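Notes for the structure review
Here is what each chain is made of, one letter per residue.
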Amino acid sequence: MATSTGKLRYTTPGIPTEAAERVVELLQGRLHATNDLHLTLKHVHWNVVGPHFIAVHEMIDPQVEEVRGFSDSLAERIATLGGSPQGTPGVLVQERTWEEYSIGRATTQEHLGALDLVYQGVITSYRDAIKELEELDVVSQDMLIGQTDKLELFHWFVRAHLEDKSGALSTAGAGSEEEAAAAAAE
Ligand SMILES: [Fe+2]
């Protein structure tokens, strides 16, 4: 099976090859994250049930489309830098550092509780990559900053369903998707 790492034969002008190889690794990590996220969001779109079905079902699809677009931009940036983007499911599963989304058919609140944790993980890892790209490649960094802006907006859409009048989140302190789903359902 192909993997993400590899020596570059060329890259864009003005970036040392070793730096570009690390940039490609960071972008590949983001490509796995966004491919996983848009598939997970579709899974949620199909599996939500309950009285708020249509609102949540329809809220999710624009997020899927946007995140799929992020994958395309990340993959094409990898190719631009002389790398080979890895977009097959096997490589994603082999290389990802997080667990499979764990909730099946469940209420809208349960899925939104679990999605709160999913977005926390994705956004935190985006910010880690943004910090590292500061020294390596500000053009790739700019792409990730733009994507993070949208991811944080979508995270707010999710969290607005979990928030009470005081601004407290029902999922506060939850350490797993199951815990967050249970807390959101209460
Ligand atoms: Fe659909």
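Residues numbered from 1 in each chain as written. Predicted model: local features only at pLDDT ≥ 70, side-chain atom pairs only at ≥ 80, totals over all residues. Heavy atoms only, no water.

**A word on the packing of helix α1 (residues 17-47) against helix α2 (residues 53-80)**
Orientation of α1 relative to α2, taken along the N-to-C sense of each, is 160°, at an axis distance of 8 Å. Between α1 and α2, the angle is such that the two are roughly antiparallel. At the point where α1 passes α2, the crossing takes the left-handed sense. Here the contact of α1 with α2 is composed, by residue class, of 14 nonpolar, eight polar and five charged. (Axes fitted to C-alpha atoms, helices over the stretch in contact; angles between N-to-C directions. Helix = DSSP H or I, 4+ residues; strand = E, 2+ residues; numbered from the N terminus. Parallel < 35°, antiparallel > 145°, perpendicular 65-115°, else oblique. Left-handed = near helix turned anticlockwise from the far one by under 90°. Nonpolar A, V, L, I, M, F, W, Y, C, P; charged D, E, K, R; others polar.)

**Digging into the side chain of S140**
For S140, the location among the structural elements is in helix α5 (residues 138-159). On the basis of relative accessible area, S140 is assigned to the buried category, the value being 0%. (Buried < 20%, exposed > 50% of the residue type's maximum accessible area, 1.4 Å probe, protein only.)

**So, the environment of R105**
You can see R105 is positioned in the loop between α3 (89-95) and β2 (106-107). The class of R105 is exposed, set by a relative accessible area of 72%. Residues R105 and N47, spaced 58 residues apart in sequence, show a C-alpha to C-alpha distance of 4.7 Å. Sequence-distant contacts of R105, that is, excluding residues within four places in its chain, are made with N47, V49 and H111. (Contact = heavy atoms within 4.5 Å.)

**Some words on the nonpolar core**
Counting residues in hydrophobic clusters, the biggest one holds 44 residues, and the most contacted among them are L37, L41, I60, L115, Y119, L144 and L151. Those elements that place two or more of their residues in this core are α1, α2, α4 (108-136), α5 and α6 (177-185). The element contributing the most residues to this core is α4, with 11 residues. Sequence-distant contacts of L115, defined by excluding residues within four places in its chain, comprise L41, V44, I60, Y101 and V158. (Core = buried A, V, L, I, M, F, W, Y, C linked by side-chain atoms within 4.5 Å.)

**So, the packing of aromatic side chains**
Enumeration over the complete set of coordinates arrives at two aromatic pairs. For the pair F154 and F157, a centre-to-centre distance of 6.1 Å together with 55° between the ring planes defines the contact as tilted. On the criterion of helical spacing, the pair formed by F154 and F157 is a turn pair, its members being three residues apart in helix α5. A relative accessible area of 6% means that F154 is categorised as buried. Note on F157: relative accessible area 30%, which makes it partly exposed. Measuring from ring centre to ring centre gives 5.6 Å for W156 and F157, while their planes differ by 55°; the resulting arrangement is tilted. (Phe/Tyr/Trp six-rings, centres within 6.5 Å; stacked < 30°, edge-to-face > 60°.)

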